[in-house]
Amino acid sequence: MRDVASERDVDSRSTVNERVVTLDVNGRTYTLRLDTRVTLLDALRDRLGLVGTKKGCDQGACGACTVHLDGRRVLSCLTLAAQAEGREITTIEGLTGADGPHPVQRAFMEHDGFQCGFCTPGQIMSAVALMAEGRAGSDEEIREYMSGNICRCGAYPNIVAAIRAVASGGGHDAHL
Amino acid sequence: MSTVESRPLIGEGISRVDGPRKVTGAAPYPMDFSVPGQAYGTLVQSTIAAGRIVRMHTDEAAHSPGVVTVLTHENALEVGTGPASVLGASPPAPLRNDRIVHHGQHIAFVVAETPEQATAAARLVRADYEAAEPLLDLQDPRAEHLHDPWGMDHSRGDAAAALESAEVTLHSTYLTADNTNNPLGLFATLAVWDGDTLTVHDTSQWPSMVRASLAMAFGIPESSVRVLVPYVGGGFGAGLRAWPHVILTAMAARMTKRPVKLVLTRPQMFTSIGHRPSGVQWLSVGIRRDGELVALDHRSLSSLSMEDNDFEPFSSGTAFAYQCPNVITRDEQAKLNIAVPTSMRAPAEAQGNFALESALDELSYTLGIDPVELRLRNHTDVDPRNGLPWSGKAILECYEIGARRFGWSDRNPEPRSMRDGNWLVGYGMASAMFPYFAQPCMAEATVNRDGSAFVRSAATDIGTGTYTVMAQLSAEELGLPLEKVRFDLGDSDMPDSMMAGGSGLTGALGNAVHDACRRLVRSFVDLVRDDADSPLMGISPHDVECSDGRIHLMGCPDRGESYVDILARHGTPQLSATGSSTPPDAKEIGLSLAGAYGAKFVEVRVDPDLGLVRVARVVSAIDGGRILNEKTARSQIIGGTVGGIGMALLEDTVTDPRTGRIANGTFADYLVAVNADVPELDVVFVGEPDRGTPTGTKGVGEVGLVGIAPAITNAVYHATGKRIRSLPITLDTLL
């Protein structure tokens, strides 16, 4: 019996194709020579050392890798680094301002919106974008539009409480 | 009735001390570590479930760009097997031979300069197999069975005779699916050798066990191995063992003389680090018409892999959940060609409790007795296995307070009687418990000359709040403000800790911290015993207490002095003390050690046209003993509840019945509860400090999950009149 799945992939193997990519991350510009297969997530983590953005599935299903591209939330595991060229990239490391943590970060601490903390950077990036999208009008809306971010520890009610607190406090446009 | 009293500091809902690092992305998880010169590993896994490898084809992969080496069973280093633990024998060593026992077994390990190169090259590794027919069906008569593998089968009275003569009997069969732990953090290992010394960053809930396993694998002393894990991206049991991929990464690093880093893929998380095994349970209940249980006969068969162990005594809780004179419990495991099962949040009890609490609900309708009342009639304040009183069991308060908060009295007992528009509304409840568990544990406490304290142990914080609650406890014991105390963990060089598992760590580590702090205070008192300049001179260490950074005579805050003054006067930079805890002996203390208890009340909405089930609200009333931190403890309960919702409605690891391949091994296909699946969850803590241990705590990591699934299926019955005995509930069963 042969391993069929492996055979199929033999012909598609690639030699290394590289290109120079310029990335604007958290207000800083980086120029990198990258294997064209490198995702934005891996470029951030492995090349720039910005490991706050997490890899939970690498398949676009868990939301742990959520970052902002030009202010909109995207899954960095489904975005090639080259695709992010010329766009403004914000990661969790770029969310904390000169005056300390973002209101959403503070609310997550106050409401215990996390346990192990692994999904938290993605949750917070989603939550900040969700408010900019005008999707924090009710608990139902928050739950629905936060459902792309899995929290296996099950902190969901506290995540909703944290977002509700910031949204009702009018802090939704802070840092945006 | 009493709710747990909050003493100052302890019990307060203090925000996590590691919160600032977690919300800013600064908390380093095992996958976040890198070292210069590291190479990247990728696993190649078998595509058959049983048989042997005839030949490995690795040339193409080995010549692929950037590849450093390709390891298979033909060139792998022979390694030893790690130590057995309370969870069974150590997992089998990787790449030992040509034998395949499950689909997704590691058959090669590719090491390359970059992750992309390793991943691409791994696709070029091929295997020729001689395939055998895999055993995959739990009830396949050819499967070898282990009987009573944990020596926990129980028998008292004569269950068979009591069932024969019972006024009412119920015989039911219950099925529970394979569930996969799926912590969000992909498991990662980074192995760095320096001569014969090994440093490993590893996703683990038990660094001491990983250290021991690596030492035995490579034949080096434990003191030459250091396992680091300051943060864990969740575990739910998956991190309790030293898995083959951990050994493999260290092996590759040793053979290539390079640091090697491995991050599992999400599909590999389904095959490499355990899962909750599927099971079938047969339960017979004999009961009097007045609701008094007379017989319980609970048997289970659960799935096991060919070459590994799993602690999963499904029926064991039935031996002591209720007062009942005639009980028999029997557990068996069937060896199949599946990836190894392992503990997953509330192992065994999640499944066994589903059967028992479903049966009691069914009987409540048969007998016309309210489900809460039926449980009250079978309550026991003593452990029926040994006749000893429980060290703490406030389940009666759980029922009473939970029912009141929920509004249980509003329930119309008639099934299918409550509606809200088109939705059928159902109320259901279940009892819950998670048994006591502890292992020996150590901690070291230090007070520095500046009056700050540092307490540490080789424990892990998997999201439970260990960093926070142990800092709180240390601060209380030493009489220091919380901001003066740091608790550190996640390093196997620190004093040995037990696993973060079995809801045992908070109790065992808390007692070790308590002991270390007491000993430290005694060291201070000893230091000034003959010191004429000290107000504490000549005072017995038993007669002091601590507050505001000072040690003083009990009840007499003026007669004492500060840690800072004592250390300064004696020219000592710091004092340290090591403390330990061991599980108490029930006979010695005359108490049967109790785990946490709870009562769960659930409202569901069922769409009668679609079979859709939505959980509308949940009330969990919990006896967790003394609660060290109301905020983190509540999070444990809501997290467990979310896991229970997943178990009841969503989670099912599907194995292809012909090939043994897991057919839904991604987060797109294996469904877990997301935010929109979870309503507001009400949690209330009741009871009092446990009498069995010095700190009075009980672990609350698992009791939150137990009872949720049966409370949901019981509510579904109340809503629809349909009794579900198989999890997860699927739409078709309600149409």
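Definitions and cut-offs
Residues numbered from 1 in each chain as written. Chains lettered and ligands numbered in written order. Predicted model: local features only at pLDDT ≥ 70, side-chain atom pairs only at ≥ 80, totals over all residues. Heavy atoms only, no water. Core = buried A, V, L, I, M, F, W, Y, C linked by side-chain atoms within 4.5 Å. Buried < 20%, exposed > 50% of the residue type's maximum accessible area, 1.4 Å probe, protein only. Helix = DSSP H or I, 4+ residues; strand = E, 2+ residues; numbered from the N terminus. Contact = heavy atoms within 4.5 Å. pLDDT = per-residue confidence, 0-100. Domains from an automatic or database assignment. Buried area = accessible area lost by both parts, 1.4 Å probe. Salt bridge = Lys/Arg side-chain N within 4 Å of Asp/Glu carboxyl O. Nonpolar A, V, L, I, M, F, W, Y, C, P; charged D, E, K, R; others polar. Pairing = 2+ DSSP bridges. 1 Å grid on protein atoms, 1.4 Å probe; cavity = no way out; pocket = protein on both sides within 12 Å on 5 of 7 lines; lining within 4 Å. Points joined across faces, edges and corners; volume = space filled by probe spheres on them. Polar contact = N/O pair within 3.5 Å; in protein donor to acceptor, adjacent residues only side chain to side chain. Axes fitted to C-alpha atoms, helices over the stretch in contact; angles between N-to-C directions.

Q: Report on the nonpolar core, specifying residues and quantitative values.
A: Core analysis: the biggest nonpolar cluster contains 228 residues, and Phe 108 and Ile 163 of chain A together with Leu 214, Phe 218, Ile 551 and Ile 712 of chain B have the highest contact counts within it. In terms of residues, this core owes the most to one element, helix α12 (residues 505–527) of chain B, which gives eleven residues. Not counting residues within four places of it along the chain, the set of residues in contact with Phe 218 of chain B comprises Leu 77, Val 79, Trp 193, Ile 247, Ala 250, Met 251 and Arg 254 of chain B. Listed in part, the 19 residues of the second largest apolar core include Ile 53, Ala 61, Ala 118 and Tyr 129 of chain B.

Q: Any chance you could break down the confidence of the model for chain B for me, citing the residues and the numbers?
A: Where the model shows low pLDDT, its predicted coordinates should not be examined in detail. Residues and elements named next belong to chain B. Across chain B, the average pLDDT comes to 96, with 99% of residues at or above 70. Low confidence marks residues 1–6, where pLDDT is under 50. Its contacts with residues over four positions away, or in another chain, come to 18 contacts. Here the prediction assigns the complex a pTM of 0.96, and the interface score ipTM is 0.97.

Q: An account of the domain arrangement of chain B is needed here, citing residue identities and associated values.
A: Residues and elements named next belong to chain B. Per the domain assignment, the segments making up chain B are domain 1 (33–134 + 184–234 + 239–271), domain 2 (385–436 + 593–734) and domain 3 (439–582). Placing the centre of domain 2 and that of domain 3 at their C-alpha centroids yields a distance of 38 Å. Taken together, the 14 residues of domain 2 in the interface contact 15 residues of domain 3. Three residues stand out in domain 2 for area buried against domain 3, namely Leu 628, Gln 636 and Thr 695, and they jointly supply 38% of the buried area on that side. Where domain 2 meets domain 3, there are one salt bridge. Ionic pairing is found between Glu 476 and Arg 626, a salt bridge with its closest N-O pair at 3.0 Å. Among the residues forming the side of domain 2 that touches domain 3, the class breakdown is four nonpolar, eight polar and two charged.

Q: So what about the pairing of strand β10 (residues 188–194) of chain B? Which residues, and what values?
A: All names here are of chain B. Taking burial as the measure, the seven residues of β10 include five buried ones, the bulk of the element. Inspection of the sheet shows β10 paired to strand β11 (residues 197–202) by six bridges, in the antiparallel sense. Considered in β11, the bridge of Ala 191 is made with Val 200. Counted along the chain from β10 to the antiparallel partner β11, the turn is two residues long, and its residue Gly 195 has a positive phi close to 65°.

Q: Describe empty space enclosed by the protein, and please don't skip the residues or the numbers.
A: Residue and element names in this part refer to chain B. What the rule picks out here adds up to six cavities of 30 Å³ or more. Put simply, the largest cavity is a space of about 380 Å³. If you trace the largest cavity, you find 27 residues lining it, with Pro 92, Val 101, His 102, Gln 105 and Pro 244 closest to the centre. Breaking the lining of the largest cavity down by element, the ones donating at least two residues are β4 (99–100) and β5 (106–112).

Q: I'd like a rundown of the domain arrangement of chain A, residues and numbers included.
A: Residues and elements named next belong to chain A. One can read the domain layout of chain A as domain 1 (16–93) and domain 2 (103–173). A C-alpha centroid distance of 22 Å is found between domain 1 and domain 2. In this assembly, 15 residues from domain 1 lie in contact with 15 residues from domain 2. On the domain 1 side of the contact with domain 2, His 68, Arg 73 and Ile 92 bury the most area, a combined 48% of that side's loss. At the boundary of domain 1 and domain 2, one finds one salt bridge. The residue Arg 73 makes a salt bridge to Glu 133 at a minimum N-O spacing of 2.9 Å. Sorting elements by how many residues they give to the side of domain 1 that touches domain 2 places strand β3 (residues 66–69) first, with three residues. Of the residues contributing to the side of domain 1 that touches domain 2, the split by class is five nonpolar, seven polar and three charged.

Q: Hey, could you go over the interface of chain B and chain A for me, with residue numbers and the actual values?
A: Across the boundary between the two partners, chain B contributes 67 residues, which contact 59 residues of chain A. For the chain B and chain A pair, buried surface summed over both sides reaches about 5200 Å², with 57% attributable to carbon and sulfur atoms. Contact with chain A buries surface across chain B, with Val 23, Leu 184 and Asn 675 of chain B losing the most and accounting together for 15% of the total. Of the charged contacts, one joins Lys 54 of chain A and Asp 32 of chain B as a salt bridge, the two residues approaching to 2.6 Å between their closest N and O atoms. Summed over the shared surface of chain B and chain A, the number is 26 residue pairs in polar contact (both at pLDDT 80 or more). Those elements that place two or more of their residues in the side of chain B that touches chain A are α1 (19–23), α3 (115–122), β6 (126–131), α7 (266–271) and α15 (630–649) of chain B. Per element, the largest residue contribution to the side of chain B that touches chain A is eight residues, and it comes from α15 of chain B. By residue class, the composition of the side of chain B that touches chain A is 34 nonpolar, 19 polar and 14 charged.

Q: Kindly report on the sheet that holds strand β26 (residues 596–607) of chain B, identifying the contributing residues and their values.
A: Residues and elements named next belong to chain B. Strand order in the open sheet formed by five strands is β17-β18-β26-β27-β28, and the pairing between neighbours is mixed. Looking at strand neighbours, the two that pair on one side only are β17 (418–420) and β28 (681–686), the edges of this open sheet. Across this sheet, the average inter-strand angle for adjacent strands is 30°, counted without regard to direction. Sheet strands in contact with helix α10 (residues 395–406) are β18 (423–434), β26, β27 (612–623) and β28, and its direction is about 30° off that of β26.

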